[in-house]
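Survey of secondary and tertiary structure
Here is how the chains run, residue by residue.
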Amino acid sequence: MTLTLPSNPETDGLRPDPLPALLRPRRRRMAARLAVLCAIALVSGLGSAFLAIDKGGRFDALTLGVWEARPTEGTREADPYSAAMHARTGRVPLANGEGLIFLARTDSTGAELSPRCEYVIEGQAAPARLWTLTALDDDLKLVETVTPRPGLNSRQMLRRPDGSFRITAAAEARAGNWLATARDAGGLVFALRLYDTPLTTGTGVANVPMPVIRRETCQ
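What you see is a predicted model; the values in this text were computed from it and never measured. (Residues numbered from 1 in each chain as written. Predicted model: local features only at pLDDT ≥ 70, side-chain atom pairs only at ≥ 80, totals over all residues. Heavy atoms only, no water.)

Take the confidence of the model for the chain next. Of the residues in the chain, 63% have a pLDDT of 70 or more, and the chain-wide mean is 77. The least confident element of the chain, judged by mean pLDDT, is helix α2 (residues 80-89) at 51; the most confident is strand β4 (residues 117-123) at 97. (pLDDT = per-residue confidence, 0-100. Helix = DSSP H or I, 4+ residues; strand = E, 2+ residues; numbered from the N terminus.)

This next bit is on the nonpolar core. Of all hydrophobic cores here, the largest spans 30 residues; its most connected members are Trp 67, Phe 102, Trp 131, Leu 133, Ile 167, Leu 179 and Phe 190. Every element with two or more residues in this core is listed here: β1 (62-64), β2 (67-69), β3 (99-104), β4, β5 (130-136), β7 (165-170) and β9 (189-195). What Leu 179 contacts, discounting residues up to four positions off in sequence, is Ile 121, Leu 133, Thr 134, Ala 135, Gly 151, Leu 152, Ile 167, Thr 168, Ala 169, Ala 170 and Phe 190. Counting residues in hydrophobic clusters, the runner-up holds 6 residues, among them Ile 101, Leu 103, Leu 136 and Leu 140. (Core = buried A, V, L, I, M, F, W, Y, C linked by side-chain atoms within 4.5 Å. Buried < 20%, exposed > 50% of the residue type's maximum accessible area, 1.4 Å probe, protein only. Contact = heavy atoms within 4.5 Å.)

Before going further, it helps to examine the pairing of strand β8 (residues 177-180). When a strand is regular, its side chains alternate between the sheet's two faces. Burial of β8 is two-sided: the residues Asn 177 and Leu 179 facing one way and the residues Trp 178 and Ala 180 facing the other way are all buried. Inspection of the sheet shows β7 paired to β8 by 4 bridges, in the parallel sense. Considered in β8, the bridge of Ile 167 is made with Asn 177. (Pairing = 2+ DSSP bridges.)

Okay, here's the thing in structure tokens:
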């Protein structure tokens, strides 16, 4: 007859004591909470990185009224978020010696632009050899309108005696300077591109004229 012991006295001291049953539910709850916290951190980190890249950083932004530009985005000094945004979307920014693009996402009251509204863009633009004005959607893509003309430029602009202009941005044709928009577009952003402008050198930023944006009727 062989005597079998329930434990080995020589090795029992080397094994960790089993976790008491009272503490086991608490351990499971802590593990679940840790998993939830890790998931929240992962989603928050990836989400904030995507938004930063999708919309572009606000580093070194040049703001004139409702218009905002990033003079360094076409240079070696571009911030990493702008560089990543252009790499992801495939858009090529204007080089430092070519010009500068200003974007307007709100009207002069601070209200977000809507493709279902008509707007008057009025005043004067910053000094440049040539400038163009186009309507984009929230992804900064040209919208499909009723006219094949993508936008307006300073050489075809009807002006007042003082050099100022008045542009009507609407889905239907308007008399005078008309910028075509699309009501079914995914958002509305006005893009003002200045070519061969002194603003790229950082000079003459103070007191630079830029047009105001005023909302008219909405449908």
